[in-house]
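Summary of the model geometry
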Amino acid sequence: MKIVVKLDEMMAKRKIRLNELAQNVGITECNLSILKTGKAKAIRFSTLEAICKELNCQPGDLLSCSNDND
Amino acid sequence: MNSYKKCASGIQIIATIMIVATTALTVLHWFFPLVYQAWYAASGVGVMREFDTTTFSWGQKVSGFMVEAFASALLIYGLLLVIQLMSLIKVNQYFTLATITLLKRISKIALLYCVYAVICGMALSVITTLHNQPGERVVAITFGTADLINIMVFCCMFLMMTIFQKGYEMKHEQDLTI
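Residues numbered from 1 in each chain as written. Chains lettered and ligands numbered in written order. Predicted model: local features only at pLDDT ≥ 70, side-chain atom pairs only at ≥ 80, totals over all residues. Heavy atoms only, no water.

1. Things to note about the packing of helix α2 (residues 18-25) of chain A against helix α4 (residues 45-55) of chain A
All names here are of chain A. The following threshold applies: In this analysis an axis means a line fitted to C-alpha atoms, helices contributing only their contacting stretch, and an angle means the value between N-to-C directions, from 0 to 180 degrees. A run of DSSP states H or I qualifies as a helix once it reaches four residues; a run of E qualifies as a strand once it reaches two. Both are numbered from the N-terminal end. Roughly parallel here means an angle under 35 degrees, roughly antiparallel means over 145, roughly perpendicular means 65 to 115, and every remaining angle is called oblique. Should the near helix be turned counterclockwise from the far one by less than a right angle, the crossing is left-handed, whereas a clockwise turn marks it as right-handed. Every residue pair with non-hydrogen atoms within 4.5 Å of one another is taken to be in contact. Classification used: nonpolar for Ala, Val, Leu, Ile, Met, Phe, Trp, Tyr, Cys and Pro, charged for Asp, Glu, Lys and Arg, polar for all others including Gly.
Direction vectors running N to C along α2 and α4 enclose 120°, while the axes themselves pass 9 Å from each other. As summarised for this structure, α2 and α4 are arranged oblique, according to the angle between their axes. Seen along the crossing, α2 lies across α4 with a hand that is right-handed. For the pair α2 and α4, the contacting residues are Leu-21, Asn-24 and Val-25 in the first and Thr-47, Ala-50, Ile-51, Glu-54 and Leu-55 in the second. Per-class residue counts for the contact of α2 with α4 are five nonpolar, two polar and one charged.

2. Side note on a nonpolar patch on the surface
All names here are of chain B. Filter applied, for reference: Residues forming no salt bridge and having over 30% relative accessible area are the ones grouped into patches, like charges within 9 Å of each other and nonpolar side chains (Val, Leu, Ile, Met, Phe, Trp, Tyr) within 5 Å. For every accessible area listed, the method is Shrake-Rupley and the probe measures 1.4 Å; residues are considered covered only by the protein chains on display. For this analysis, a salt bridge means a side-chain nitrogen from Lys or Arg found within 4 Å of a carboxyl oxygen belonging to Asp or Glu. Exposed residues in this analysis have more than 50% of their type's maximum accessible area, buried residues have under 20%, and partly exposed residues fall in between, with area computed by a 1.4 Å probe over protein chains only.
Together, Val-126, Leu-130, Val-139 and Ile-141 make up a nonpolar patch on the protein surface, roughly 360 Å² of accessible area in all. Positionally, Val-139 belongs in the loop between α4 (97-127) and α5 (145-175). The exposure class assigned to Val-139 is exposed, which follows from its relative accessible area of 58%.

3. Quick look at the nonpolar core
Rules: Note on terminology: a nonpolar core comprises buried Ala, Val, Leu, Ile, Met, Phe, Trp, Tyr and Cys residues joined through side-chain atoms within 4.5 Å.
Val-67, Leu-85, Met-86, Leu-103, Ile-106 and Tyr-116 of chain B are the most contacted members of the largest nonpolar core, which has 25 residues in total. Not counting the four nearest positions on each side in its chain, Val-67 of chain B is found in contact with Tyr-116, Cys-120, Ala-123, Leu-124 and Ile-127 of chain B. Among the nonpolar cores identified, the runner-up in size contains 20 residues, and Val-25, Ile-51, Cys-57 and Leu-62 of chain A belong to it.

4. A few points about the interface of chain A and chain B
The cut-off we apply is this: Buried area is understood as the total, over both parts, of accessible area removed when two parts are fitted together, assessed with a 1.4 Å probe.
On the side of chain B, five residues touch chain A, which itself brings eleven residues to the contact. Summing both partners gives a buried area of about 730 Å² for chain A against chain B, and 64% of it is carried by carbon and sulfur. Interface area lost by chain A to chain B is led by Lys-41, Ala-42 and Arg-44 of chain A, which between them contribute 59%. At the junction of chain A and chain B, the tally comes to zero salt bridges.

Now the structure itself:
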């Protein structure tokens, strides 16, 4: 089972760029890029809350769980 | 400067002095024994050996030096690694791959030194009694307090390396926590 981050999909839907989202959320572009590319090991609730608030979405819109076979 | 950086600098200075002293005293003891004895009598720095190399043949001196030089080389290499490790700690690189690699190498050197110390003692006992009459030559296998301390040092180094490795894994995970 693997957690998949769908941040890029939500960013495309909301038509917001990485640097703009990073600035509004209060994290670095580098960290946001790590999250977007699925390399992050963990995410703080405060960061998730800030991203959801900015993108006007639910955590489930950003994160999903998939089998490794998929 | 923080206290741990001062400590790291101090350890580097001590390690450097030990490297110079080990090299000099090993050469002096085997090839310039009178100078070594005069130095030891004046300063008290060094080890007064149970054998006197002034009466040894050149073959004994060279072979004894080679045996002891390997032990000295291990010690010097270990001290050089310690100096590198202290340099990393001074620039705040505590839990990094480079630090762990150095600690692993230092642990291996410490273990090798422990094992070689026993072999070295045995080899030196043969070399230093070669000039004796047959029947008076000695093969001594010794394992003393110093060897036990060396093993303790190796165990402590190994434990430190394990802890640093765990710290590195935790830091790596923390770095990838957004």
